[in-house]
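Structure assessment
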Amino acid sequence: MFITLAACNGTAPKRKAFTNLEIADSAYEQGRWVEAEQHYHAITEIAPNDFYAWFRLGNSRLHQANIEAAIHAYESSLQRDPRQPKPHHNLAEAYLMKAHQSLQRAQSLAEESSYERLAIESKLKKLREIIYKPISDIPSPAKGLIRY
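The structure reproduced in this document is the subject of the present report.

The rules we used
- Residues numbered from 1 in each chain as written.
- Predicted model: local features only at pLDDT ≥ 70, side-chain atom pairs only at ≥ 80, totals over all residues.
- Heavy atoms only, no water.
- Salt bridge = Lys/Arg side-chain N within 4 Å of Asp/Glu carboxyl O.
- Buried < 20%, exposed > 50% of the residue type's maximum accessible area, 1.4 Å probe, protein only.
- Helix = DSSP H or I, 4+ residues; strand = E, 2+ residues; numbered from the N terminus.
- Expected span 1.5 Å × (residues − 1).
- Core = buried A, V, L, I, M, F, W, Y, C linked by side-chain atoms within 4.5 Å.
- Contact = heavy atoms within 4.5 Å.

1. Points about the pattern of salt bridges
On inspection of all chains with the given rule, the structure shows nine salt bridges. The shortest N-O distance in the salt bridge between E35 and R32 comes to 2.7 Å. A relative accessible area of 31% means that R32 is categorised as partly exposed. R56 serves as the salt-bridge partner of D137, at 2.8 Å between the closest nitrogen and oxygen. Within this pair, whereas D137 is found in the segment after α7 (115-130), its partner R56 is found in helix α4 (residues 51-63), the two being separated by 81 residues in sequence. Judged by its relative accessible area of 1%, R56 falls in the buried class.

Shown next, in the form of structure tokens:
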């Protein structure tokens, strides 16, 4: 984030981005996902090449079960820095959650005791064992740096 913000013209955008970052990180740490999402989104508009803001935006959205929007944010994070393992991990988690939703829908449509229903239920059980665990995170690059 520091490199990205250094590329912003003038100090006002940098100050605004850091202010948003502090507010976003605080909301994020307290589990206020809607507020965190709003501020991380604002950072992506000020510093669109910042992988961290996109990553945390994805996490904020995933915590709200907004899977499609989380996928978009993780992919945007990876476009900025594809070497980061945590956005890859959380992107996979989001796709697994999407698969789980689809299997739940299939389960509701399958006939009771049918082969399809049994196969779907088996897959759902396996998916439940590997998803809905804590998502990976990256510590804030500004933690402890912003003082008022």
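Now that the structure is up, let's keep going.
2. Re α4
Given a rise of 1.5 Å per residue, 13 residues ought to cover 18 Å, and the 18 Å separating the end C-alpha atoms of α4 matches this to within 8%. Counting buried positions along α4 gives twelve out of 13 residues, so the element sits mostly inside the fold. Those residues of α4 that fall on the buried side of the exposure criterion are F51, Y52, A53, W54, F55, R56, L57, G58, N59, S60, R61 and L62.

3. Details of the nonpolar core
Y40, L62, I67, Y74 and A94 are the most contacted members of the largest nonpolar core, which totals 26 residues. Only α2 (11-29), α3 (33-46), α4, α5 (67-80) and α6 (85-109) provide two or more residues apiece to this core. Tallying contributions element by element places α4 first for this core, with seven residues. The contacts of L62, once residues within four sequence positions are left out, are I67, A70, Y74, N90, A94, M97 and I135.

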